[in-house]
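A closer look at the structure
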Amino acid sequence: MAYALVINSGSSSIKFQIVDTTADASEDPFVSGVVEQIGEDGGKLTVKTGGHKHVVQTPIANHTEGLDLSFNLLNDLGVGPDQVDLKAVGHRVVHGGLLFSRPVVITDEVLGMIRDLIPLAPLHNPANIDGIEVAQKMFPELPHIAVFDTGFFHTLPPAAALYAINNRVAGDYGIRRYGFHGTSHEFVSKQVPALIGRDPKHTRQITLHLGNGASCAAIHNGAAIDTSMGLTPLAGLVMGTRSGDIDPGIVFHLYRQGISIDEIDDLLNRKSGVKGLAGVNDFRVLREMIEDDNQDAWAAYNVYIHNLRKYIGAYMLQLGRVDAITFTAGVGENDQDVRWDALAGLENFGIKVDPEKNKLPNDGPRIISTDDSKVTVLVVPTNEELAIARYAVALAGL
Ligand code: ADP
């Protein structure tokens, strides 16, 4: 067993896991936890291990206090860093810009470069840096590795990466398509060739990461050639609370009506998407509302599926030939209706989902298309933390 600690640090929260890197992608992690409401009135730590959940409610002033509290509790439970032989710490870093295409061991220079990228991810990168600095102090003897959400998309060709805006402005401000969820798209797409019996160097595929955040990618022989998220994770598919693609003129219009930039940011990132249309962002609740024939829920669902199909169609054309379409993340792995509706009526394009296979429960990678479907349709559970943990252990040279 080789354990790694994985840290995903946000501005007021820290998610962490202790992961056995030899485990299966669908196994529960050895330990998972979340510290919430850091620096706020509440303050809450939730830890899950061995099928048990432990909750502590207490004010948590900062990230150091949050991780201290977490690791003390884990040590008391006998599953903490004092008892588990940790080999490395993996940090999820949202924006690697053009500087990082692969996971790297964090040095002072690397930390400086992540800091240089703050203008591209003003909310995320500072919080990631906080997490790194706190964890480095706590575990100075362990290698710390940064894994970037954007890394996998370094292969995007200019035609997919450039926006048709003034190129001097774009250059000055680093404006281009970077893409996100790269760790998940890579983790899932790497498994597909073996599952469908093809050479990875000759496999063209579309991956659909449908969680609360959602994105899709076109992958040609292992390299991403397009993806739906852009400069920020707001673009592309309709998501739980994010609008996905909208006319950018909407922003100017709202601003000129007197709504502030911060309010518009909050509107599009946290109050839009499925939640904006139906009032809820959890697809399980949305499904119940649809069963009750709630019209807002229907509208949200139809917009979601319409937009998803538009991207699938676009990527089929860009790839020219598609060997596999893969669903992953919370919605993609669990919601059979989304999978069915996303690909219904595409027999003429060689896509035939098998209604029985599509209904099978989510217990690992599986093919859900019929035997005679030209395009193989799959469900492959993602596990970003496991992917990060594996990178961390690999880069630590273990
Ligand atoms: P993220 O990592 O982006 O927060 P996840 O990949 O964990 O997202 O997906 C979370 C979402 O998955 C939930 O908001 C919910 O909409 C959906 N989801 C989870 N379980 C199910 C299920 N059994 N059926 C349908 N949707 C589900």
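About the cut-offs
Residues numbered from 1 in each chain as written. Predicted model: local features only at pLDDT ≥ 70, side-chain atom pairs only at ≥ 80, totals over all residues. Heavy atoms only, no water. Helix = DSSP H or I, 4+ residues; strand = E, 2+ residues; numbered from the N terminus. Rg over C-alpha atoms; globule rule 2.2 N^0.38 Å. Buried < 20%, exposed > 50% of the residue type's maximum accessible area, 1.4 Å probe, protein only. Contact = heavy atoms within 4.5 Å. Lys, Arg positive; Asp, Glu negative; His and termini not counted. Charge placed at Lys NZ, Arg CZ, Asp CG, Glu CD. Near = heavy atom within 4 Å. Polar contact = N/O pair within 3.5 Å; in protein donor to acceptor, adjacent residues only side chain to side chain. Areas by Shrake-Rupley, 256 points an atom, 1.4 Å probe, with all protein chains shown as cover. Nonpolar A, V, L, I, M, F, W, Y, C, P; charged D, E, K, R; others polar. Pairing = 2+ DSSP bridges. Axes fitted to C-alpha atoms, helices over the stretch in contact; angles between N-to-C directions. UniProt positions renumbered as here; feature names shortened; annotations may be inferred.

Observations concerning the overall build of the chain
- Each helix and strand in the chain was counted, giving 15 helices and 14 strands.
- Expected size for 398 residues packed as a compact globule is a radius of gyration near 21 Å; at 21 Å, the chain falls within 12% of this value.
- C-alpha extents for the chain along the principal axes are approximately 60 × 55 × 45 Å.
- Within the chain, the fraction of its 398 residues that count as buried is 51%.
- For the chain, long-range pairs separated by at least 24 residues make up 62% of all intrachain contacts whose partners lie at least 6 apart in sequence.
- For the chain, the separation between the mean place of its 33 positive charges and that of its 48 negative charges on side chains is 7 Å.

Examining the site of the ligand
- What surrounds the ligand is the set Gly-211, Asn-212, Gly-213, Asn-281, Asp-282, Phe-283, Arg-284, Ala-329, Gly-330, Val-331, Asn-334 and Asp-335.
- The backbone of Asn-212 places a nitrogen or oxygen atom 3.1 Å from an oxygen atom of the ligand.
- In this structure, Arg-284 approaches the ligand through a side-chain N or O atom, which is 3.4 Å from a nitrogen atom.
- For the ligand, whose accessible area on its own is 570 Å², the fraction buried by protein is 66%.
- Sorting the residues of the shell around the ligand by element identifies helix 10 (283-291) and helix 12 (329-334) as the ones contributing at least two each.
- Looking at the shell around the ligand element by element, the count peaks at four residues for helix 12.
- The residue makeup of the shell around the ligand, split by class, is three nonpolar, six polar and three charged.

Focus on the sheet that holds strand 4 (residues 44-49)
- Strands sit in the order 5-4-3-2-1-6-8-7 across an open sheet of eight strands; the sheet is mixed. Strands at the two margins of the open sheet, each flanked by one partner only, are strand 5 (52-57) and strand 7 (104-105).
- When strand 7 meets strand 8 (residues 144-148), the two strands line up antiparallel, connected through two bridges. Directly across from Val-104, in strand 8, lies its bridge partner Ala-146.
- On top of the sheet, helix 15 (residues 384-395) reaches strand 1 (3-9), strand 2 (14-20), strand 6 (86-93), strand 7 and strand 8; it is set at about 125° to strand 6, its chief contact.

Some remarks on the UniProt feature "site: Transition state stabilizer" (unreviewed entry) in the chain
- Under the UniProt annotation, "site: Transition state stabilizer" (unreviewed entry) lies at His-181 and Arg-242.
- Of the residues examined, His-181 reaches a relative accessible area of 10% and is grouped as buried.
- If we ignore the near neighbours within four places in the chain, the residues touching His-181 are Asp-149, Phe-153, His-209, Gly-213, Ala-214, Ser-215, Met-229 and Glu-384.
- By the secondary structure assignment, Arg-242 is in the loop between strand 11 (223-227) and helix 7 (249-256).

Side note on the sheet that holds strand 10 (residues 214-220)
- Taken in spatial order, the six strands of this open sheet run 11-10-9-12-14-13, and their pairing is mixed. The sheet is open, and its two borders are formed by strand 11 and strand 13 (366-367), each paired with just one other strand.
- Taken together, the five bridges between strand 9 (residues 204-210) and strand 12 (residues 324-328) define a ladder with parallel strand orientation. Counted as the bridge partner of Thr-207 is Thr-326 from strand 12.

Structural notes on the environment of Lys-352
- Assignment of secondary structure puts Lys-352 in the loop between helix 13 (336-343) and helix 14 (355-359).
- In sequence terms Lys-352 and Thr-370 are 18 residues apart; their C-alpha atoms lie 5.9 Å from each other.
- When residues no more than four places from it in sequence are discounted, the contact partners of Lys-352 are Glu-347, Ser-369, Thr-370, Asp-372 and Ser-373.
- A polar contact of 2.8 Å, which involves the side chain of Lys-352, links it to the side chain of Asp-372.

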